[in-house]
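Fold and contact review
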Amino acid sequence: SSINQNCQSKQFLINIKKNKQYPKFGSTEDWKRFCMKLKNTKSNFKNLMNKNIRIFKNSAPAGLITGYYEPTIKVSFIKNKKYKHPILKKNKSYNLKSRSFIDKNYNVDDVILWTDDYINLFFLQIQGSGIGIFEDGKKVKVAYEGNNNLPYKSIGKILIKKNKINPAQVDLFTIKFWLRNNQEEAYSIMKQNKRYIFFKIKESKKSMNPKGALGLELKPNFSIAIDKNIYPIGIPFIIEYLKEGKRRLAISLDTGSAIKGANRADLFTGNNLDSEKVAGRLKKKIYLLALIPYSN
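About the criteria used
Residues numbered from 1 in each chain as written. Predicted model: local features only at pLDDT ≥ 70, side-chain atom pairs only at ≥ 80, totals over all residues. Heavy atoms only, no water. Disulfide = S-S within 2.5 Å. Helix = DSSP H or I, 4+ residues; strand = E, 2+ residues; numbered from the N terminus. Buried < 20%, exposed > 50% of the residue type's maximum accessible area, 1.4 Å probe, protein only. Axes fitted to C-alpha atoms, helices over the stretch in contact; angles between N-to-C directions. Parallel < 35°, antiparallel > 145°, perpendicular 65-115°, else oblique. Left-handed = near helix turned anticlockwise from the far one by under 90°. Contact = heavy atoms within 4.5 Å. Nonpolar A, V, L, I, M, F, W, Y, C, P; charged D, E, K, R; others polar. Pairing = 2+ DSSP bridges. Patch = residues over 30% accessible without salt bridge, like charges linked within 9 Å, V, L, I, M, F, W, Y side chains within 5 Å. Areas by Shrake-Rupley, 256 points an atom, 1.4 Å probe, with all protein chains shown as cover. Salt bridge = Lys/Arg side-chain N within 4 Å of Asp/Glu carboxyl O. Lys, Arg positive; Asp, Glu negative; His and termini not counted. Charge placed at Lys NZ, Arg CZ, Asp CG, Glu CD. Arc of directions from axis to C-beta. Core = buried A, V, L, I, M, F, W, Y, C linked by side-chain atoms within 4.5 Å. Phe/Tyr/Trp six-rings, centres within 6.5 Å; stacked < 30°, edge-to-face > 60°. Lys NZ or Arg CZ within 6 Å of the ring centre and 35° of its normal.

Things to note about the state of the cysteines
- Tallied over the entire structure, the rule returns one disulfide.
- Here Cys7 connects covalently by a disulfide to Cys35, the sulfurs 1.9 Å from one another. Its torsion about the S-S bond being -75°, the disulfide of Cys7 and Cys35 is classed as left-handed. Residue Cys7 is found in helix H1 (residues 2-7), and its partner Cys35 is found in helix H3 (residues 28-40); the two are separated by 28 residues along the sequence. In terms of burial, Cys7 and Cys35 fall into one category: buried.

This is the structure:
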């Protein structure tokens, strides 16, 4: 059904055509034909795939699959002793200004929400979007609106370099744990990631799942972000897990600046409490097998 959804997205065919290696991953005609068959098929989906789709395996070395999720963050419209950290909307004046500059010199008119914890805000910025939850339990969507155009720096790498965390143990949780237990030093580490993310509030009546680069809703544990310099966003993949020898179907609906390489993927794990656990620990060797329609 996800592939069907992609078939109905105009952006999907535009992406196919825009791909630098077009028509390596299928021509627009091939995809249109496949989409028509998919739409008209009443029968077995597997059968349709077997007859019409070929598997493209790249020759690049094995890569990595990681996970991303949508954090839930406590928010308030009013600043008080507890809610004192601003979530900011985009303003040109912050362009090329560092994280520490923005934290000290933000304009109150640009605050869309206040939150209670800078570390959680920092990770909301790393994830790029999330769910804001008010004390009365109401929720809003906190969606990405842009950044300050300064480079992203991984604080995990900084903590390894400074011998604060054992490289074998670095993941989302060990990083958060270290920051929480070293409050004096924590900010000096976080401010080295100069990239700052701005947000907008989206009242979402339907679903809390974010949308990917195609404008389609991401499906937890099924949608992946891929390197759009290699693949067109929107095509299906098989993820081959090296150690377990398992294969899983996935669909590419997103991309990201950290996602580079033919066998690099980022799996969207959702926005419930388990999502963070799954995403934070996911780090496995994989091959990405692109699924492409046969040319007739």
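Some points on the packing of helix H2 (residues 10-18) against H3
- In the contact formed by H2 and H3, the axes pass within 9 Å of each other and the chain directions differ by 150°. In this view, H2 runs roughly antiparallel relative to H3, as classed from their interaxial angle. The element H2 and its partner H3 pack so that their crossing is right-handed. Contacts between H2 and H3 involve Phe12, Leu13, Ile16 and Lys17 on the former and, on the latter, Thr28, Trp31, Lys32 and Cys35.
- For the contact of H2 with H3, the class distribution of residues is five nonpolar, one polar and two charged.

Concerning the pairing of strand S11 (residues 247-254)
- Examined bridge by bridge, strand S9 (residues 223-225) and S11 share three bridges and lie parallel to one another. Across the sheet, residue Ile224 finds its bridge partner in S11, namely Ser252.
- Summarising the sheet, strand S10 (residues 236-241) and S11 pair through five bridges and their orientation is antiparallel. When the sheet's bridge partners are listed, Phe237 is paired in S11 with Ala250.
- Linking S10 to S11, which pair antiparallel, is a turn of five residues; within it Gly245 sits at a positive phi near 65°.

A word on a positive patch on the surface
- Judged by side-chain charge, Lys18, Lys20, Lys228 and Lys260 come together as a positively charged surface patch.
- Within the element layout of this structure, Lys18 appears in helix H2.
- The exposed category is assigned to Lys18, whose relative accessible area is 59%.

Observations concerning the pattern of salt bridges
- In the structure shown here, the tally under the stated rule is twelve salt bridges.
- The closest approach of N and O atoms between Asp136 and Lys138, which form a salt bridge, is 4.0 Å. Take Asp136 and Lys138: they sit in the same class, and that class is exposed.
- The salt bridge partner of Lys246 is Glu244, with a shortest N-O separation of 3.9 Å.
- The exposure class assigned to Glu244 is partly exposed, which follows from its relative accessible area of 38%.
- The network of salt bridges with common partners includes Lys57, Glu240 and Arg247.

A short note on helix H4 (residues 45-52)
- Among the residues of H4, those classed as buried are Leu48, Met49 and Asn52. Considered in projection along H4, the buried side chains sweep an arc of 100° and stay on one side of the axis. Facing away from the buried side of H4 by over 90 degrees, the exposed positions are Lys46, Asn50 and Lys51.
- Elements that come into contact with the buried residues of H4 comprise H1, H3, strand S1 (53-57) and strand S13 (283-293).

As for unusual backbone geometry
- Residue Tyr22 is joined to Pro23 through a cis peptide bond whose omega torsion reads 0°.
- Positive phi is not limited to glycine here, since Asn149 has a value of about 65°.
- Structurally, Asn149 can be placed in the loop between strand S7 (139-147) and helix H7 (155-161).
- According to the relative accessible area criterion, Asn149 is partly exposed, its value standing at 48%.
- Notably, Asn163 is not glycine yet its phi reads approximately 55°, a positive angle.
- Inspection of the secondary structure puts Asn163 in the loop between H7 and helix H8 (172-181).

Here's the deal with the nonpolar core
- With 44 residues, the main nonpolar core has Ile224, Tyr231, Ile235 and Leu288 as its most contacted residues.
- Element by element, the count of residues in this core is highest for S13, at six residues.
- Setting aside chain neighbours within four positions, we find Tyr231 in contact with Asn19, Phe25, Asn58, Ile226, Phe237, Ala262, Leu288 and Ala290.
- Counting residues in each nonpolar core, the second largest holds 30 residues, with Ile73, Leu113, Phe123 and Trp178 among its members.

Regarding the packing of aromatic side chains
- Applying the stated criterion across every chain yields a total of twelve aromatic pairs.
- With a centroid separation of 5.3 Å and 80° between ring planes, the pair formed by Phe25 and Phe56 is classed as edge-to-face. Of the two residues, Phe25 is situated in the loop between H2 and H3 and Phe56 in strand S1; the sequence distance between them amounts to 31 residues.
- The class for Phe25 is buried, based on a relative accessible area of 2%.
- Accessibility expressed as a relative area gives 18% for Phe56, which makes it buried.
- An angle of 35° between the planes, with centres 4.9 Å apart, marks the rings of Phe77 and Phe134 as tilted. Of the two residues, Phe77 is situated in the loop between strand S3 (72-76) and strand S4 (85-88) and Phe134 in the loop between strand S6 (130-133) and S7; the sequence distance between them amounts to 57 residues.
- The class of Phe134 is buried, set by a relative accessible area of 13%.
- What links up through ring pairs into an aromatic cluster is the set Phe25, Phe56, Tyr231 and Phe237.
- Between Lys57 and the ring centre of Tyr287, over which it is positioned, the NZ or CZ distance is 4.5 Å.

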